[in-house]
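Reading the structure
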Amino acid sequence: MDDKQLQEKLDSGDYSISPRSGRLRKRIKKTKKKKPLYSKNKINKLLVKIVWVLMILAMLISLFILIPEMGQTNYNNRNIDNSQFKRKSPTY
């Protein structure tokens, strides 16, 4: 191999000279793998978090609805005429 071909290979960046032995080595290009925008694992984690948040919100909303109702007494029962509900004694 003459000096002109060697120089062309070195200039192209595909080859390099080993510092110890001085021999010509071909460079291995490492390409970085692009991470996908979404993966199954990320989606599953996100869905689990969303379900937990919805469950906690539903529990809090139900508490806000039920706690005020627990303190109320039913005043309608006092105003009902109980005579219509009295049991008539059986006649033999």
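Keep in mind that what you see is a predicted model, and the values were worked out from it rather than measured. (Residues numbered from 1 in each chain as written. Predicted model: local features only at pLDDT ≥ 70, side-chain atom pairs only at ≥ 80, totals over all residues. Heavy atoms only, no water.)

Re the overall build of the protein chain
The following threshold applies: The way it works is that DSSP assigns letters per residue, a run of H or I at least four long becomes a helix, a run of E at least two long becomes a strand, and they are numbered from the N terminus. We call a residue buried when its accessible area falls under 20% of the maximum for its residue type, exposed when it is over 50%, and partly exposed in between, using a 1.4 Å probe and counting protein chains only. Method for areas: the Shrake-Rupley scheme with a 1.4 Å probe, in which residue coverage is limited to the protein chains shown.
Within the protein chain, the secondary structure is distributed over 3 helices and 2 strands. Secondary structure of the protein chain in N-to-C order comes out as α-β-β-α-α. Sorting the 92 residues of the protein chain into buried and exposed places 2% on the buried side. When the accessible surface of the protein chain is split by element, carbon and sulfur atoms take 59% of a total near 10,100 Å².

Quick look at the confidence of the model for the protein chain
For clarity, the cut-off: Confidence of the predictor at the level of single residues is captured by pLDDT, which takes values from 0 to 100.
Summarising the model, the protein chain shows a mean pLDDT of 79, and 76% of its residues fall at 70 or more. Predicted confidence in the protein chain is weakest over helix 3 (residues 76–79), with a mean pLDDT of 55, and strongest over helix 2 (residues 40–71), with 93.

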